[in-house]
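The lines below spell out each chain.
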Amino acid sequence: MSSKARPIEKFAKTTAKCPAELATYGRCIAADYNGVHKDKCAQEFMQLKNCFLAASKKG
């Protein structure tokens, strides 16, 4: 196995740095998973995305 991390491993490690945002987004989706539609949890997703991007820049 190479010393480079696989993309999914990088994603998992970076996402782990945003537990509050991930939990908030997950709760939003789970609240009405049968009624999920585009932009249903857009605000929560953007918070998660912003945290993810900030964490990925920190290394």
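Residues numbered from 1 in each chain as written. Predicted model: local features only at pLDDT ≥ 70, side-chain atom pairs only at ≥ 80, totals over all residues. Heavy atoms only, no water.

Glancing now at the packing of aromatic side chains. Enumeration according to the criterion identifies two aromatic pairs in this entry. Centroid distance Phe11 to Phe52: 5.4 Å. Interplanar angle 45°. Geometry classified as tilted. Within this pair, whereas Phe11 is found in helix H1 (residues 7-15), its partner Phe52 is found in helix H3 (residues 42-58), the two being separated by 41 residues in sequence. (Phe/Tyr/Trp six-rings, centres within 6.5 Å; stacked < 30°, edge-to-face > 60°. Helix = DSSP H or I, 4+ residues; strand = E, 2+ residues; numbered from the N terminus.)

For the rest of this paragraph, the subject is the UniProt feature "domain: IMS import disulfide relay-system CHCH-CHCH-like Cx9C" (unreviewed entry) in the protein chain. Mapped onto this numbering, the UniProt entry gives "domain: IMS import disulfide relay-system CHCH-CHCH-like Cx9C" (unreviewed entry) at residues 14-51. Helix makes up 66% of residues 14-51 and strand 0%. Its end C-alpha atoms lie 9 Å apart. (UniProt positions renumbered as here; feature names shortened; annotations may be inferred.)

What follows deals with H3. Taking 1.5 Å per residue as the helical rise, H3 with its 17 residues ought to reach 24 Å, and the 24 Å between its terminal C-alpha atoms agrees with that figure. Residues of H3 that are buried include every one of Leu48, Cys51 and Ala55, and no others. Relative to the axis of H3, the buried residues are bounded by an arc of 65° and lie together on one face. In H3, those exposed residues whose orientation departs by more than 90 degrees from the buried face are Gln43 and Lys57. (Expected span 1.5 Å × (residues − 1). Buried < 20%, exposed > 50% of the residue type's maximum accessible area, 1.4 Å probe, protein only. Arc of directions from axis to C-beta.)

What follows deals with the packing of helix H2 (residues 19-31) against H3. Closest axis-to-axis distance for the H2/H3 pair is 9 Å, and the angle between their directions is 155°. Judged by the inter-axis angle, H2 sits roughly antiparallel to H3. The two elements H2 and H3 cross, and the hand of that crossing is left-handed. Contact residues: H2 offers Glu21, Leu22, Thr24, Tyr25 and Cys28, while H3 offers Glu44, Phe45, Gln47, Leu48 and Cys51. Partitioned by chemical class, the residues of the contact of H2 with H3 number six nonpolar, two polar and two charged. (Axes fitted to C-alpha atoms, helices over the stretch in contact; angles between N-to-C directions. Parallel < 35°, antiparallel > 145°, perpendicular 65-115°, else oblique. Left-handed = near helix turned anticlockwise from the far one by under 90°. Contact = heavy atoms within 4.5 Å. Nonpolar A, V, L, I, M, F, W, Y, C, P; charged D, E, K, R; others polar.)

This part takes up the state of the cysteines. Counted according to the given criterion, the structure contains two disulfides. Covalent S-S linkage joins Cys18 and Cys51, the inter-sulfur distance amounting to 2.0 Å. Here the disulfide of Cys18 and Cys51 is left-handed, its torsion about the S-S bond being about -95°. You can see Cys18 sitting in the loop between H1 and H2 and its partner Cys51 sitting in helix H3, a full 33 residues away along the chain. Considered together, Cys18 and Cys51 belong to a single accessibility category, that of buried residues. In this model, Cys28 is linked to Cys41 through a disulfide, with the two sulfur atoms separated by 1.9 Å. Torsion about the S-S bond of the Cys28 and Cys41 cystine: about -90°, corresponding to left-handed handedness. You can see Cys28 sitting in helix H2 and its partner Cys41 sitting in the loop between H2 and H3, a full 13 residues away along the chain. Both residues of the pair, Cys28 and Cys41, belong to the buried class. Ordinal numbering of bonded cysteines along the protein chain defines a disulfide pattern of 1-4, 2-3. (Disulfide = S-S within 2.5 Å.)

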